[in-house]
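# Overview (structure and organization)
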Amino acid sequence: ALSRPLFYSTWLSKDTRQVSRDELREFLAARLRVFYEEELDVPLVVFDEVLDHILRIDRVLRQPMGHCLLVGDSGAGKTVLSKFVSWMNGLSIFQIKAHSRYGIEEFNEDLRGVMRRVGIEGEKVCFIFDEGNILGSGFLEAMNALLASGEVPGLFEGDDYTALMNACRDSAARDGVILDTEEELWRRFTGFVQRNLHVVFTMNPSGGDWKNRSTASPALFNRCVVDWFGTWSATAMGQVGKEFTMKLDIGDAESVGGTWGTGQGEMLMEQVAGAFEGVATGGLRQAVVAALVEMHNIVKQMADEEAHAASSVSRTFLSPRDYLAFISNFLDCVNHRREEVEDEELHVNAGLNKLTQTQENVAELRGNLAAKTAELREKEKLANEKLQQMVGDQNVAEKRKEEAERMSQDVAKQQEQIDERKAEAQRDLDEAEPALIAAQTSVKSIKKRDLDEIRNLARPPNNVKLTLECVAILLGEKKIEWADIRKLLAKTDFIPSILSFDADNLSDRQVKIVQDKYLDGNTELTVESVTHSSKTCGPLYKWAESQVKYSSVYNRVEPLRREVEELEETTQGAKDEKDRIEKEVAGLEESIARYKADYATLIRDVEALKTEMEVVTTKVDRAESLIKSLGQESDRWTKSSETFQIILRSLVGDGLLMAAFLTYCGFFDFKARIALMKRWREVLDVLGIEYREGLSMVESLSKASERLEWESLGLPADVLSLENGVILEHCVRFPLIIDPSGQAIDFIMNKYKDEKIQKTSFLDKAFMKTLAGAVRFGTTLLVENVEMVDPVLNPILNKEIQRTGGRSLVRIGTEDVDYSPKFNIILTTKNPAAKLTPDLCSRVTLVNFTITPASLQSQSMSRIMQEEKPEVEKRRRDLLKLQGEQNVKLRELEEKMLNTISAVEGSILDDDRVVTGMETLMKEGAQVEEQIAKSADVMKEVQQAISTFEPLGKICRELFVLLKAMRDISFLYEFSAKGFMSVLECVLERLGPVVEGGDEGQRASELKLGLFTEMAARIGRALSAEDKMVFRLHLVRLFTRDEGVGDGSNPMSLEDISSAIDSAFGAGFPWQGRGLNDLHAVVENDISCTIPLLLCSAPGHDVSGRVESMARDHDKELASVAMGSAEGFDTAEKMLASASKRGSWVLLKNCHLCTEWLGNTLVKKLHSLGVGTHKDFRLFLTSEINPKLPTGLLRLSDIIVAEAPTGVKASISRFFSRISSDRFDSAIKNRIYLVLAWTHAVIQERLRYIPTGWSEAYEFTEADAIHAIDAIDALIEDAAGGRGNVDLAKIPWDATRATLCRDVFGGRVTKDSDQLILDELVDSVFTGQCFDIGFQLASVDGAPTLPDGTSKEECFSWIASLPSHTPPTWIGLGADAEEARAERIAKSVIGKVASVEGARADATE
C-alpha cells in the first residue's frame, strides 16, 4: 500500500483519492496538449518525478497562503510546471518583465500592480519569481516582507496609498461590507493579498548566492513549501531518453540479434531499467538510453574536474537542458546521417549497375559490326553501276547545252539591237511626255463652275474662244462655233475626255489645223495671254499645245517602231528554237538528276553505314576507355558499397559520439575534448554499441567545401577552430562564443554579412529596439561582451514561443513581438575567465575559441614569414588555399561522375552527352590531380624556403605553453595570446626590415635572441623575484634545448642558477624586466590605449606616486581616484569615458578594494575600447597582490609586480621618503626618527629570513612605522610640556619602548620567542646613548653608526651612504643566515621549475 510512487489528486474525481500513475499520466498528457496550444509551446515528458512535482505544486497552490520554493537545476522544469499547474487551477500567471535597466522602482510598481489585482479585484494570481530576476537585494527583501505579512513596508505611500484606500473602500462597498477606518481597509486588503496571491520562487542551488538565502531571507523557507527538484535522476533521464528515441530508426540490429550492456555494462543498463518497465529489457534501445545518460554524467564530472583544476579560469554547469539538447542532436545526427548514407548507397549501386550494363552493351555492339561490313560492300557495288549510267547521259547533255548556249548568244545580240532602237524612239517620246503629263495635271484642277462661267459668256474673249476651238478640233469636233463649243463645255465628260485623250489617235490634218491656225499661226495666242484672259483656259491651252507636240514626235519615230517590231519577230523564232533545245537538255538533266539521286541514296546509305560503324566503333572505344578510366572510381564505389552496411550498423554509436561532441565539447579545450571522446568511447564499448574507430567529427559533420568557405571568411584553420565552426553550424541552442582574440567575431560578421547581421551590446541604449527588429524580421544579431545575460533575453533563449491566432509571438520586455523562424542571435564575450552562471550555461551552447598552442604557432609562423619573406608567405597561403580548392573540386567531380552515371535512364552508350560529360569530368579530374601533384611539389619548395624559420614557430609555441604553465605558480601570472603576439610584433619591428641577400640562419638567430630578450623584459616585470629565476631557467631550457637545466637531478645553489642563466644569455640580459625604473618606456612602447598597466605591490608598498611623478615630468594630464566606494566607481567610469575620448591618463588606486567592480564593470569597458579610443589614452591601476583580482583583468593588462627593494638602506630610504617635510623641524626628533627607521628596517629585513628571522610571516608594514612616528611625537610633546624643544633627559624612553614593543610592532607578534627578539631590538637602540657620537646601531663589527648631525639633509646623506647589501649580522642573525636563505630559495626555485615543467607537459597538445 505504501509502495512508491504515491499519487493523490482531485483531478480525476470530486474528492482527493489515490490515482494510478498511468491514469494520471494519461490525464495530464491530454491537458498538456491543450496547454501547448493555448499557452506555451514547450513540450514536456511526463516521467514519474514530473508527476510527483506537479501534484506537490498543485497541493500548495490550492491552499490559502500557499507558496512554493522550487529548488533545482536550470531546465529541470520548475517554471514550466508552475505555469502548467497554475493554468490547471485557473490562476493568472504573473512574472516581472526584467531587463538590464529594470530597478527597484520598476519592481515596486509591478508589486503594487499585482497586489491591486489580488487585493482589490479579487483575481487569483500565481507570481512566478525566478532567481534570474533578483537584480538587487531590495527585490528579495520586498518579497520576504510580502510573504511574511502580506504587505511591503513603504510600498504604498502618499498618492498611491490614498488611491489604494479609495479603491479598497469601493471594493468593500460592492461586496456589501462597511468598514469605517483605513486600518480596517488595509487589513482587509492585506488579507485578500495573502489569500489570492501565490508566490512560486524558482532557484538553482548551483548559484553562488544560494547558501546566503536562508539567513538573508528566512521567509523563503518558513513561509514556503520547499520542493527539491535537484537535477534529473538517472531514471528520469532514462524515461526522457526513451520517450524521445522510441520512434528512432535504429536499423535491424535488434532483429538480427545481439547482446548489449553485459558485463561491466550491466550497471549502466540498470540505471535506466526503471524507464523500461513492462518492456523487454537488454535491447539496443535501452543501451542507447543508458549511453545517453552516462555520457551526460561523464561531461558533468569532467566539468567539475576542470573547474577545480589549478589552471582553470572559468567553468561550465550542466543541466537537464543540456541533456535535452544532447537527445535532439542525437536524433538529428542519426536521421540525417542515415538519409545521407542511404541516398549515397542508392547512387553508388545505380552507378555500379550502369557500369556493368555498359560492359554488356559494348560486347553486343562488337558482334553487330561484322553484319554491317557485308551490307556496306553491297551498297558500294550498286552505287558504281548508277555512276556509269549517269556519266553517259551527262556527255549527251553537255553537247546539247553547248548548242543552246550558242543560240542564246545570238538571241542576246538581237535583243541588244532591239533595245537600242527602242531606246532611241523612247528618248524622243520621253522629251514630250512630261509637258503632256503636266498639262493633264493642270486640267485636273479645273472646276465645273469655272467651265460653267465660261459657257455662260455670250461673247467670250478672243483668246478664250480660240483656245476652246483648238481643244474642240483636237477632240474631233466638226463644228467649232461658240454655240457648239458651249454645248461641248456643258458635257459632263468634257474634262475626263481630255484627261483620257490618246495623242496616238490624232490625224495629221488635226495637227496641222491646230498648228497653222492657232499655235504657230497666231502669235498673240500664248499661254500667258490665255491665262490672263481666263485662268480656266490656261491649262486647256497647255494641254492642246503638249498634245500637238507629242503627236508630232510620235509620228516622227513611227519607222523606228516598225523596224523594232520586225526585229522582235526574228528574235522570237530564235528563242523558240533555243527553248526547244533547252527542253531537251532539261529532260536529259532530269534523267541525270534521277541517277544522281539514286547514286546519292546509295552513297548516303554507304556513308550512313560507315558513320554508324564509326559511331559504334567510337562509342565502343570510348566506352571501353571510360570503363578503364573509371576503374579506380569503380573500385572505390565498390568498396563504398561494401562499407555502407558497416556504416549503418555503427550509425547509432557514431550518432551518439557526434551528438555528444556538438552538445558538450564547445566549452572545453582541445585536451579535454580528447579526454571526453576517449571516455565516451569506453562507455559505448562497455554497452556493446558499435561505432567507427576513425570517426572524425569535423569531416563527418561538415563538407570540405564548407570548411574552405569558413577559412576564406576568416576562421583559423587549426583543428579546434574547425571543430568550433562545426558546433556553430549545428547547435540547437543559440551560441555563446568565448573569443579572447576576436577572430571568431570577425568570422561571424563575415559569414552573416549578406544577412545584414547587426552588432550590439547590452550597454547599447537602443538594444531593446534592435533586438525587437531582429526578432521580427528574422535577421542575425551579434551581442558583444556578454557575461551576465540581460533577463529580457530569457524567453528568446528558452524559445518560449506563444501561438496566437496563427502568429508566433515571443515576449521582449513588456511587449509581445512576432517571432521569425529565421531569427538568430549570437552572444559573444572576449573574457576567457567570464563567470558563467548555471542559468546562462543551460540556455546557450558554449563555444570556446581560446587560442591553442598549435594555433598560436601557426599565427606566429605566418607573422614571421610576412615580415621576413612576404612573397614566400603569400605564395604559401595561396597554395594552401589552392590545395583546399583543388581537393574540394576533385571531390565534387567524383560526386558529379557518380550522379551523372546513376541518373542515366537506359544505357550510358545511348546518350552521347553523358559519355561526353563523363569524358570531360575525367579530363578535369586528371587536370586537378595533376595540379594537386604540382601544388604538392611547389609546397615542398615553399617549405624548403621557410625551413630556416620553422624552429622559430615551434619556439613561439613552447614559450606560449610556458606562459600558460606559469599560472601554476601564482594566480597573478595570466598571459594572453594577444600579449604574446604583441611581444613578437615588437621584436620584428625592432629588428627592422630584412637585408636583401643576408644570411637567413643569422637572421633567424637574431630573431630568436630578440624574442627571448623581449620576453624576459616584458614577462620578467610581472613576476616576483623568486619566480623570475624560475622563468629564467625555463627560458634557458628552451633557448639551449637542454631540458636538464634545473631539473633537480643535481642540487643547485643560487650561484649555480645564476651561472647557468648567464652562460646561456650573458650577464647583461634584462632578467629583472623592463619595469618601474623604465616606466615611461613601458607606457610609450609596451602598452596602448586599450591595454591598461596594472601595478601590483605588496601591502603597504604604494607605487602610485611613480605614475603621478611620470605624468608631471612629461606634462601629461592625469586624473586619479581612490577606489573602494560607490562614489569612486561613478567617478572612475566618468573619468574613463572622458579620457578615452580626449587622450588623457587615468589612475585608479587601491583596486584590490573593488575586485567585484573590476570584474563586472571595468573588464567590460576595457573590452569595448576599440577604434574610437584616443591613441594617447592610458589607464593605470594600482593594487595590492590579491587573489580576488579578476582573471579577465589580469589577461587584459600589462602587469608590473612592484616588490619593495630589500635591504636596510632601501627600507630606511623608503620610510624617510614618506615622512612629510614639516616633521623635520627638530634635531632630537630627527635622530629618534633615524632610530625608528633602523628598527623598522631590521624588522622588515628579518622577514626575508623566515623561519630564522621570524618564526612566521608577520604582516609588518610601513603604516606601522608611520603610526610609531605619531606615537613618538605625542610622547615627546607631552614630555616637553608645550616647549619647542625637549630636554634629552626627559625623553620618555620607557614609554617609547613599551609603545613599540607592545602596541605598534608587538601587536602583530604572536609567539614569545619572536616577542623576545623584538624587545631586544627595540631596547638596544631606543636608549639615551643613541644621542652619543659614534653610536653603533648593532653590536657587531662594521655595523653603521648614527651621523653626528641630524638635520634633514644630514639624515638623507647618511642614508645614502649606507651600503646596499645588508649583512645578516646587522639584523641579529648569524653569518650563515644568508647561505641558509639562499639554499632555501634555490630549493624553492627548483621545486617550482618542476611544477611548471609538469604544467607545460599537460598543456602540450
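The structure contained in this document is the topic of the report that follows. (Residues numbered from 1 in each chain as written. Predicted model: local features only at pLDDT ≥ 70, side-chain atom pairs only at ≥ 80, totals over all residues. Heavy atoms only, no water.)

### With respect to the pairing of strand E5 (residues 125-130)
Heads up, the rule is: Buried, partly exposed and exposed residues are distinguished by accessible area as a fraction of the type maximum, computed with a 1.4 Å probe on protein chains only: under 20%, between the cut-offs, and over 50%, respectively. Strands here are runs of E lasting at least two residues and helices are runs of H or I lasting at least four, both read from the DSSP assignment and numbered beginning at the N terminus. Think of it this way: DSSP has to see at least two bridges between two strands before they count as a pair. The path from the first strand over the helix to the second decides the hand: if it runs clockwise while the strands point away from the viewer, the crossover is right-handed.
Where burial is concerned, most of E5 is hidden: six out of the six residues are buried. With burial as the criterion, each face of E5 is covered, one bearing Val125, Phe127 and Phe129 and the other bearing Cys126, Ile128 and Asp130. Direction of pairing for strand E4 (residues 92-94) relative to E5: parallel, over a ladder of three bridges. Within E5, the position partnered with phenylalanine 94 by the bridge is phenylalanine 127. The β-α-β motif built from E4, the intervening helix H4 (residues 104-119) and the parallel element E5 has right-handed crossover chirality.

### Things to note about the packing of helix H6 (residues 159-174) against helix H7 (residues 182-196)
The line we're drawing: Here the axes come from fitting lines to C-alpha atoms, over the contacting stretch only for helices, and the angles between their N-to-C directions go from 0 to 180 degrees. Here the word oblique covers every angle except those under 35 degrees (roughly parallel), over 145 (roughly antiparallel) and from 65 to 115 (roughly perpendicular). The contact criterion used throughout is that any non-hydrogen atoms of two residues lie within 4.5 Å.
Two elements in contact, H6 and H7, have axes separated by 10 Å at closest approach and are oriented at 80°. The orientation of H6 relative to H7 falls into the category roughly perpendicular. Mapping the contact onto sequence places Tyr161, Leu164, Met165, Cys168, Arg169, Ser171 and Ala172 in H6 and Glu182, Leu185, Trp186, Arg188 and Phe189 in H7.

### Looking at the pattern of salt bridges
Close approach of charged atoms lets side chains of opposite charge pair. Which entries qualify depends on this criterion: The rule for a salt bridge is simple: a side-chain nitrogen of Lys or Arg has to be within 4 Å of a carboxyl oxygen of Asp or Glu.
Applying the stated rule across the entire model yields 50 salt bridges. Measuring nitrogen to oxygen at the nearest pair gives 3.6 Å for the salt bridge that ties glutamate 305 to arginine 679. Here glutamate 305, found in helix H13 (residues 284-307), pairs with arginine 679, found in helix H25 (residues 670-687); they are 374 residues apart in sequence, far enough to count as distant. What makes glutamate 305 partly exposed here is its relative accessible area of 44%.

### Let's talk about the nonpolar core
Proteins that are soluble and globular tend to have nonpolar side chains buried together. Definition in use: Only buried residues count toward a nonpolar core. Its members are Ala, Val, Leu, Ile, Met, Phe, Trp, Tyr and Cys residues joined through side-chain atoms within 4.5 Å.
Ranked by internal contacts, the top residues of the largest apolar core, which has 147 residues, are Leu656, Trp680, Ile689, Leu771 and Leu793. In terms of residues, this core owes the most to one element, H13, which gives 13 residues. In contact with tryptophan 680, not counting residues within four places along its chain, are Met295, Ile298, Val299, Leu657, Ala660, Phe661, Tyr664 and Cys665. The next biggest cluster of nonpolar side chains, apart from the first, holds 88 residues, and it includes Ala1004, Met1029, Met1123 and Trp1157.

### Concerning the packing of aromatic side chains
Quick note on the threshold: The aromatic pairing rule takes the rings of Phe, Tyr and Trp, using the six-membered ring of Trp, and pairs them if the centres are within 6.5 Å, calling planes under 30 degrees apart stacked, those over 60 edge-to-face and the rest tilted. Consider the ring centre and the ring normal. A charge sits over the ring if Lys NZ or Arg CZ is within 6 Å of that centre and within 35 degrees of that normal.
On inspection of all chains with the given rule, the structure shows 36 aromatic pairs. Ring centres of tryptophan 1238 and tryptophan 1370 lie 6.5 Å apart, and the angle between their planes is 45°; this geometry places the pair in the tilted category. Of this pair, tryptophan 1238 sits in helix H47 (residues 1227-1246) while tryptophan 1370 is found in the loop between helix H51 (1352-1361) and helix H52 (1377-1403), placing the two residues 132 residues apart along the sequence. A relative accessible area of 10% means that tryptophan 1370 is categorised as buried. Counting every residue linked through ring pairs, the aromatic cluster contains Phe94, Tyr102, Phe107, Phe127, Phe129, Phe139 and Phe201. The side chain of lysine 242 reaches across the aromatic face of phenylalanine 276, ending 5.7 Å from its centre.

### Comments concerning the side chain of serine 319
Along the polypeptide, serine 319 turns up in the loop between H13 and helix H14 (320-444). For serine 319, a relative accessible area of 3% corresponds to the buried category. What serine 319 contacts, discounting residues up to four positions off in sequence, is Asp73, Ser74, His296 and Ser842.

### A short note on the state of the cysteines
Put simply, the rule reads: Pairs of cysteine sulfur atoms within 2.5 Å are identified as disulfides in what follows.
Going through the model one piece at a time under the given rule, you end up with zero disulfides. No disulfide involves cysteine 665; its sulfur sits 12 Å from that of cysteine 333, the nearest cysteine. As a non-bridged cysteine, cysteine 956 has cysteine 986 as the owner of its nearest cysteine sulfur, 13 Å distant.

### A word on the sheet that holds strand E13 (residues 815-818)
Pairing is antiparallel across the open sheet formed by three strands, whose spatial order is E11-E12-E13. The open sheet is flanked by strand E11 (802-804) and E13, the only strands paired with a single partner. Neighbour-to-neighbour, the strand axes of the sheet open up by a mean angle of 45°, direction not taken into account. By the bridge criterion, four bridges tie strand E12 (residues 807-812) to E13 in an arrangement that is antiparallel. Counted as the bridge partner of valine 810 is valine 817 from E13. Contacting E12 and E13, helix H30 (residues 767-777) crosses the sheet at an angle of about 40° to E13.

### Comments concerning the sheet that holds strand E16 (residues 1093-1097)
What the five strands build is an open sheet, ordered E17-E18-E19-E16-E20; its pairing is parallel. Unpaired on one side and paired on the other, strand E17 (1118-1122) and strand E20 (1198-1202) mark the two borders of the sheet. With direction set aside, neighbouring strand axes in the sheet form an average angle of 15°. Pairing of E16 with strand E19 (residues 1178-1184) involves five bridges; the strand directions are parallel. Across the sheet, cysteine 1096 pairs through a bridge with serine 1183, a residue of E19. Packing against the sheet, helix H42 (residues 1104-1113) makes contact with E16, E17, strand E18 (1145-1149) and E19, and its axis sits at approximately 165° to E18. Its contacts with the sheet place helix H43 (residues 1126-1142) against E17, E18 and E19, and it is angled at close to 160° to E17.

Any functional reading would require information beyond the geometric quantities listed.
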